[in-house]
Amino acid sequence: MDMFCRQCEQTAKGVGCTSLGVCGKTADVAILQDLLLYSLKAIAVYGNLARQLQVKDPDTDLFIMEGLFTTVTNVNFDAEEIEKIILRSYEVKEKIKRDFLGSYKKKYAKDFDGKLPQLVNWIPATNIEGLIDQGRAVGLMQIPNMDADTRSLRELLLLGLKGMAAYADHAFILGKEDEEVSSFFYKGLAALADDKIGSEKLIELIMEFGKVNFKCLELLDKAHNEHFGSPQPTKVSLLIRKGPAIIVSGHDLLDLEQLLEDTKDKGINIYTHGEMLPAHGYPNLKKYKHLAGHFGGAWQEQQKEFDNIPAAILMTTNCIQKPRPSYEDRIFTTGLVAFPGVKHINESGNKKDFRELIDKALKLGGFRQEMPGKEIMTGFGHKAVLGLAGKIIEAVKAGKIRHFFLIGGCDGAKPGRNYYTEFAQKVPPDCVVLTLACGKFRFNKLDFGAIEGIPRLVDCGQCNDAYSAIIIASGLAEAFKCGINDLPLSIILSWYEQKAVCILLTLLSLGVKNIKLGPSLPAFVSPDVLKLLVKEFNISPVTSPDKDLKEALKD
């Protein structure tokens, strides 16, 4: 095999990518990502020990988050950029090693004589070819004599950590940190540095991780609400205005805010794309009159949607795909996103220089005429929805709302995802659909109407706004004096990458049961681990919309 990666739902043949990633990453990039993860584990071994002595380094905390985030699907496709991060990781490891040893000697007045895993002694090769050779020896399948279940549990924990790193990084950018969250990156990665760790300990760590990730989601929710204001139900136009345009994709609301500020007097219309749709619900973003509306659908449509349009494009975080030649000269990346040959916008003095992006939009001239479009709704954060709790409870008690369906998660290009469109269409008119993340684009342009003034389609926001969905469910359970699993609520999840994994693990750690997962089950979940999930949480794959609806409404 040239590589081995099975971290996303679209992995080749449902088993693993072995020569080229279905996402488009080369074998060299996959191998370098493996090596970066290996190096992060070495940092974590020393960082975990240092934290036990109350030795902390915020720069190392951020490096761990960004290093993990770099390996998330559809973030960084640039081998040379990953090479730089790997070389930097060695410097970070050596620094945290010195910090730990210095503190240890000071406290115990003797040399450290603990037994540490061999990877802490790793030294990077001097060129990219050498790094690739090193990476081949440390990949997912390189630990000898490891049984499938242990490997599966290790992957669950690692992929969860990757997803949490994305959310922690977004919170960090907005000035929010949490010691429990930061510490668990070290604890989790240090555990994975031990090739002998057993299944029982891994399961314990995975359940602990799920609860820590809930705190991370709460942290990001607080960061968003404090900085941008609490989301408000908002109509978003799909109409395209005449004139220069910049389309902003990804997840980073702070990048969008700065771009809106930098373009407010330049005659440029700013459109959201993909997971940036919920930005329209935040008061401190929607106040900008040139935040014109939303363009297109979910991430996997970008190559078709960006093809030959007269607009500049900014990719703020995942998910980027290989740009087509028709727009590769007008797409820009920023933050951790990187693609070979694509112009990258760096940060200077806590501010990004968007001048080249803005100049490109003005030079292109934009859309020549207005193109009509309907309106869709977003902005149903937990504060807004729980503000309607009285009406919702009354409607449920009166029999006007029979059931709630949470239909959300990642979208993707693999066949079978039309299941979610059909399911949403077939939900009976006396039921409410809650949704979040880019999976909503399978049905969010449909007209669901309302029940007693309560919208039947409630868009809670981005994937991280799973926190809102949990808070809404918890609030309703409290009002009805029951547990979440006793609510008239069915959870139908779609997954694609690692952020969906960490959200699933959070739901399980909170005791949420009876989740339907699709469109296919993860390749990294072994048969016996799946049996465990079924036994403990009654998790099951989606089947057909008719069958799954009948099962949900059988009572």
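Here the structure is shown first, and the text comes after it.
We now turn to the structure provided with this report. Here, residues in each chain are numbered from 1, in the same order as that chain's written sequence. Note on the predicted model: pLDDT of at least 70 is required for a residue's local features to be given, and 80 or more for side-chain atom pairs to be given and counted; whole-chain, interface and lining totals, by contrast, use all residues. Note that the side-chain values use all heavy atoms of the structure and ignore hydrogens as well as water.

**Brief notes about helix H13 (residues 389–397)**
Phase 1: Within H13 the residues assigned to the buried category are Ala-389, Ile-392, Ile-393, Ala-395 and Val-396. For H13, the angular spread of buried residues about the axis comes to 165°, placing them on one side. Away from its buried face, by an angle of more than 90 degrees, H13 presents the exposed residues Glu-394 and Lys-397.
Phase 2: Any pair of residues with heavy atoms lying within 4.5 Å of one another is described as a contacting pair. Secondary structure elements follow DSSP: runs of H or I of four or more residues count as helices, runs of E of two or more count as strands, with numbering from the N terminus. Buried-residue contacts for H13 involve helix H12 (382–386), strand S9 (403–409), strand S12 (454–455) and helix H15 (466–479).
Phase 3: With its phi angle positive at about 80°, Gly-399 sits one or two positions after the end of H13. Throughout, exposure labels follow a simple rule: accessible area from a 1.4 Å probe, protein chains only, divided by the maximum for the residue type, with under 20% read as buried, over 50% as exposed, and the rest as partly exposed. What the arc covers is the set of directions going from the helix axis to the C-beta atoms.

**Focus on the sheet that holds strand S14 (residues 489–494)**
Phase 1: Strand pairing is assigned whenever DSSP identifies at least 2 bridges connecting the two strands. In spatial order, the strands read S13-S10-S9-S14-S15-S16; together these six strands make up an open sheet with parallel pairing. A single partner strand is all that each edge strand has here, and the edge strands are strand S13 (457–459) and strand S16 (540–541).
Phase 2: Summarising the sheet, strand S10 (residues 431–435) and S13 pair through three bridges and their orientation is parallel. Among the inter-strand pairings, Val-433 is bridged to a residue of S13, identified as Leu-457.

**Section: the nonpolar core**
Phase 1: By size, the foremost hydrophobic cluster in this structure holds 143 residues, and its most contacted members are Leu-40, Leu-68, Leu-157, Leu-161, Met-164, Phe-185 and Ile-515.
Phase 2: With 14 residues, the top contributor of residues to this core is helix H1 (residues 27–52).
Phase 3: Setting aside its immediate chain neighbours within four residues, Leu-68 contacts Leu-37, Leu-40, Leu-158, Leu-161, Lys-162, Ala-165, Phe-185 and Leu-189.
Phase 4: Definition used in this section: a nonpolar core is a set of buried Ala, Val, Leu, Ile, Met, Phe, Trp, Tyr and Cys residues joined via side-chain atoms within 4.5 Å. Core analysis: the next-biggest nonpolar cluster, separate from the first, contains 25 residues, Ala-223, Leu-253, Ala-279 and Ile-358 among them.

**Some details on the side chain of Thr-150**
Phase 1: With respect to the helices and strands, the residue Thr-150 is situated in helix H5 (residues 148–173).
Phase 2: You can call Thr-150 buried: its relative accessible area is 8%.
Phase 3: When neighbours within four sequence positions are excluded, Thr-150 is seen to be in contact with Ile-197, Ser-199 and Leu-202.

**Considerations on the side chain of Thr-11**
Phase 1: Within the secondary structure, Thr-11 sits in the segment before H1.
Phase 2: The exposure class of Thr-11 is buried, given its relative accessible area of 3%.
Phase 3: Of note is the side chain of Thr-11, whose polar atom sits 3.0 Å from the backbone oxygen of Cys-5.
Phase 4: If we ignore the near neighbours within four places in the chain, the residues touching Thr-11 are Cys-5, Arg-6, Gly-16, Cys-17, Val-22 and Ala-523. Under this definition, polar contacts are N or O atom pairs within 3.5 Å; protein pairs additionally need one hydrogen-donor-capable and one acceptor-capable atom, and for neighbouring residues in sequence, both atoms have to be side-chain atoms.

**Structural notes on the pattern of salt bridges**
Phase 1: A pairing counts as a salt bridge when a side-chain nitrogen of Lys or Arg comes within 4 Å of a carboxyl oxygen of Asp or Glu. Under the criterion given, the structure shown has 35 salt bridges.
Phase 2: The closest approach of N and O atoms between Lys-400 and Glu-452, which form a salt bridge, is 3.5 Å. With a gap of 52 residues between them, Lys-400 in the loop between H13 and S9 and Glu-452 in the loop between strand S11 (450–451) and S12 connect regions that are remote in the sequence.
Phase 3: Three or more residues joined by partner-sharing salt bridges are found here, namely Arg-51, Lys-56, Asp-61 and Glu-179.

**What to know about helix H16 (residues 498–509)**
Phase 1: With 12 residues, H16 extends 17 Å from end C-alpha to end C-alpha; this agrees with the ideal 16 Å at 1.5 Å per step.
Phase 2: Across the 12 residues that make up H16, a large majority, 12, are buried.
Phase 3: If you check which residues of H16 are buried, you get Gln-498, Lys-499, Ala-500, Val-501, Cys-502, Ile-503, Leu-504, Leu-505, Thr-506, Leu-507, Leu-508 and Ser-509.
Phase 4: Contacts made by the buried residues of H16 are with H5, helix H7 (199–228), H15, S14, strand S15 (516–518) and helix H17 (527–537).
Phase 5: Among the residues trailing H16, Gly-511 stands out with phi positive, at a value near 85°. The span one expects for a helix is its residue count, reduced by one, times 1.5 Å.

**Examining the packing of aromatic side chains**
Phase 1: Between rings of Phe, Tyr and Trp, where Trp is taken as its six-membered ring, a pair exists when centres lie within 6.5 Å; planes separated by under 30 degrees are stacked, by over 60 edge-to-face, and by other angles tilted. All chains considered together, the criterion is met by 17 aromatic pairs.
Phase 2: The interplanar angle of 85° and the centroid separation of 5.7 Å between the aromatic rings of Phe-306 and Tyr-327 together place this pair among those described as edge-to-face. Placement of the pair is Phe-306 in the loop between helix H10 (302–305) and strand S5 (312–315) and Tyr-327 in the loop between S5 and strand S6 (331–334), with a sequence separation of 21 residues. The pair Phe-306 / Tyr-327 is uniform in exposure class, with both members buried.

**Overview of the sheet that holds strand S7 (residues 343–345)**
Phase 1: Read from one edge of the open sheet, six strands run S4-S3-S2-S5-S6-S7, paired in parallel fashion. Looking at strand neighbours, the two that pair on one side only are strand S4 (291–294) and S7, the edges of this open sheet. Sheet twist, expressed as the mean angle between neighbouring strand axes with direction ignored, is 30°.
Phase 2: In terms of strand pairing, strand S2 (residues 245–249) meets S5 through four bridges, oriented parallel. Bridging across to S5, Ile-247 finds its partner in Ile-313.
Phase 3: Note on geometry: axes are lines fitted to C-alpha atoms, helical ones only across the stretch in contact, with angles between N-to-C directions running from 0 to 180 degrees. Along the sheet face, helix H11 (residues 355–364) touches S2, S5, S6 and S7 and points at about 150° away from the line of S5.

**Quick look at the pairing of strand S3 (residues 269–272)**
Phase 1: Residues of S3 alternate between two faces, with Asn-269 and Tyr-271 on one and Ile-270 and Thr-272 on the opposite face, all of them buried.
Phase 2: With four bridges connecting them, S2 and S3 associate as parallel partners. Of the residues in S3, the one forming a bridge with Ile-246 is Ile-270.
Phase 3: With strands facing away from the observer, any crossover in which the path from the first strand over the helix to the second runs clockwise is taken as right-handed. Read as a crossover between parallel neighbours, the route from S2 over helix H8 (residues 253–262) to S3 is right-handed.
Phase 4: In this structure, S3 lies alongside S4, joined through three bridges in parallel fashion.

**Notes on the pairing of S2**
Phase 1: Burial analysis of S2 places five of its five residues in the buried class, the great majority of the element.
Phase 2: Both faces of S2 are covered, namely the face carrying Ala-245, Ile-247 and Ser-249 and the face carrying Ile-246 and Val-248.

**Comments concerning the state of the cysteines**
Phase 1: Throughout, disulfides are identified as pairs of cysteine sulfur atoms within 2.5 Å of each other. In total, this model carries zero disulfides according to the counting rule given.
Phase 2: Left unpaired, Cys-5 is separated from the closest cysteine sulfur, that of Cys-17, by 6.1 Å.
Phase 3: The class of Cys-5 is buried, set by a relative accessible area of 15%.

**Topic: the packing of H1 against helix H2 (residues 58–70)**
Helix-helix packing is described using two parameters, namely the angle between the two axes and the distance between the axes.
Phase 1: Running from amino to carboxyl end, H1 crosses H2 at an angle of 155°, the nearest separation of the two axes being 10 Å. Between H1 and H2, the crossing angle belongs to the class labelled roughly antiparallel. Regarding H1 and H2, the two cross each other, and that crossing is left-handed. Note on element contacts: H2 touches H1 through Thr-60, Asp-61, Phe-63, Ile-64, Gly-67, Leu-68 and Thr-70, opposite Gln-33, Leu-36, Leu-37, Leu-40, Ile-43 and Arg-51.
Phase 2: Residues are sorted three ways: Asp, Glu, Lys and Arg are charged, Ala, Val, Leu, Ile, Met, Phe, Trp, Tyr, Cys and Pro are nonpolar, and all the rest, Gly among them, are polar. When its residues are assigned to classes, the contact of H1 with H2 shows seven nonpolar, four polar and two charged. Roughly parallel means an angle under 35 degrees; roughly antiparallel means over 145; roughly perpendicular covers 65 to 115; every other angle is labelled oblique. Left-handed describes a crossing in which the near helix is turned anticlockwise from the far one by less than a right angle; the clockwise case is right-handed.

**Quick look at the packing of helix H14 (residues 418–426) against helix H18 (residues 545–552)**
Phase 1: It is at 9 Å that the axes of H14 and H18 come closest, and there the two elements cross at 45°. For the element pair H14 / H18, the angle class is oblique. By crossing handedness, the relation of H14 to H18 is classed as right-handed. For the pair formed by H14 and H18, the contact residues are Tyr-419, Glu-422, Phe-423 and Lys-426 on the first element and Pro-545, Asp-546, Asp-548 and Leu-549 on the second.
Phase 2: Class assignment for the residues of the contact of H14 with H18 results in four nonpolar, no polar and four charged.

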